[in-house]
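# Geometric and topological summary
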Amino acid sequence: LIVNITDEDRFERDGYDLYTTSTLSVFNLILGGDADVETPTGKVKLNIPAGTQPDQVFRLAGRGMPHLKSSSTKGDLYVRLKVQIPKYLSSKQRELLEEASRIKF
């Protein structure tokens, strides 16, 4: 019996754990909210807390590869968040962002 395992573009494998990236808008990272994240078995909602930083990694327990001797036991899926900066802004969006940038933290 020969088993070939092909590489999946969306996931990198390390043992039973999988690694992937998800790109979100800068506004989703700043304000928080839900994001659809692709897993090997379909999309799941990931709750993004307000103030999430680019390249932050979230662990989705039990969403990785099944163990050989126990298919009910699975590794984890690690999701690294990338930020998407809008290339084009409307005049209203630009005005609001400029106003927000003048607020001191």
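Look a little higher up for the structure.
Description of the structure in this document. Nothing here was measured: the structure is a model prediction, and the numbers come from that model.

Further remarks concern the overall build of the protein. The helix and strand inventory of the protein stands at 2 helices and 6 strands. Traced from its N-terminal end to its C-terminal end, the protein shows the element sequence β-β-α-β-β-β-β-α. The C-alpha atoms of the protein give 18 Å as radius of gyration, which overshoots the globular expectation for 105 residues (13 Å, by more than 25%). When burial is assessed residue by residue, the protein has 21% of its 105 residues classed as buried. Within the protein, contacts between residues at least 6 apart in sequence are counted, and of these 43% link residues at least 24 apart. Accessible area for the protein stands at about 8200 Å²; split by element, carbon and sulfur atoms hold 51% of it. Across the protein, the 15 positively charged side chains and the 14 negatively charged ones have centroids separated by 2 Å.

Here we take up the pairing of strand β4 (residues 42–48). For strand β3 (residues 33–39) and β4, the ladder comprises 7 bridges, and the chain directions are antiparallel. Looking across to β4, one finds that Asp34 is bridged to Asn47. Between β3 and the antiparallel strand that follows it, β4, lie 2 residues.

What follows covers the nonpolar core. Core analysis: the biggest nonpolar cluster contains 14 residues, and Ile48, Leu60 and Leu81 have the highest contact counts within it. For this core, the elements supplying multiple residues, two or more each, are β2 (17–25), β3, β4, β5 (57–60) and β6 (77–84). When neighbours within four sequence positions are excluded, Leu60 is seen to be in contact with Val37, Val44, Leu46, Asp76, Leu77 and Val79.

Next up on the list: unusual backbone geometry. Within the chain, Asp55 stands out as a residue other than glycine whose phi angle is a positive 70°. Mapping Asp55 onto the fold places it in the loop between β4 and β5. Classification of Asp55 as partly exposed rests on a relative accessible area of 38%.

Turning our attention to a nonpolar patch on the surface. Together, Phe27, Ile30, Leu31, Leu89 and Leu97 give the surface a local cluster of nonpolar side chains, amounting to about 450 Å² of exposed area. No other element matches helix α1 (residues 26–31), which puts 3 residues into the nonpolar patch. With respect to the helices and strands, Phe27 occurs in helix α1.

Two side chains with opposite charge may pair up if their charged atoms get near one another. Summed over all chains, the structure comprises 5 salt bridges. We note a salt bridge from Glu38 to Arg10, for which the minimum N-O separation is 3.2 Å. Of this pair, Glu38 sits in strand β3 while Arg10 sits in the segment before β1 (12–14); the two residues are 28 residues apart in sequence, bridging distant segments of the chain. Take Glu38: its relative accessible area is 29%, and that puts it in the partly exposed class. Looking at Arg10, the relative accessible area reads 39%, which means it is partly exposed. Here Lys82 and Asp55 are joined by a salt bridge, their closest N and O atoms 2.8 Å apart. Placement of the pair is Lys82 in strand β6 and Asp55 in the loop between β4 and β5, with a sequence separation of 27 residues.

What counts and how
Residues numbered from 1 in each chain as written. Predicted model: local features only at pLDDT ≥ 70, side-chain atom pairs only at ≥ 80, totals over all residues. Heavy atoms only, no water. Helix = DSSP H or I, 4+ residues; strand = E, 2+ residues; numbered from the N terminus. Rg over C-alpha atoms; globule rule 2.2 N^0.38 Å. Buried < 20%, exposed > 50% of the residue type's maximum accessible area, 1.4 Å probe, protein only. Contact = heavy atoms within 4.5 Å. Areas by Shrake-Rupley, 256 points an atom, 1.4 Å probe, with all protein chains shown as cover. Lys, Arg positive; Asp, Glu negative; His and termini not counted. Charge placed at Lys NZ, Arg CZ, Asp CG, Glu CD. Pairing = 2+ DSSP bridges. Core = buried A, V, L, I, M, F, W, Y, C linked by side-chain atoms within 4.5 Å. Patch = residues over 30% accessible without salt bridge, like charges linked within 9 Å, V, L, I, M, F, W, Y side chains within 5 Å. Salt bridge = Lys/Arg side-chain N within 4 Å of Asp/Glu carboxyl O.

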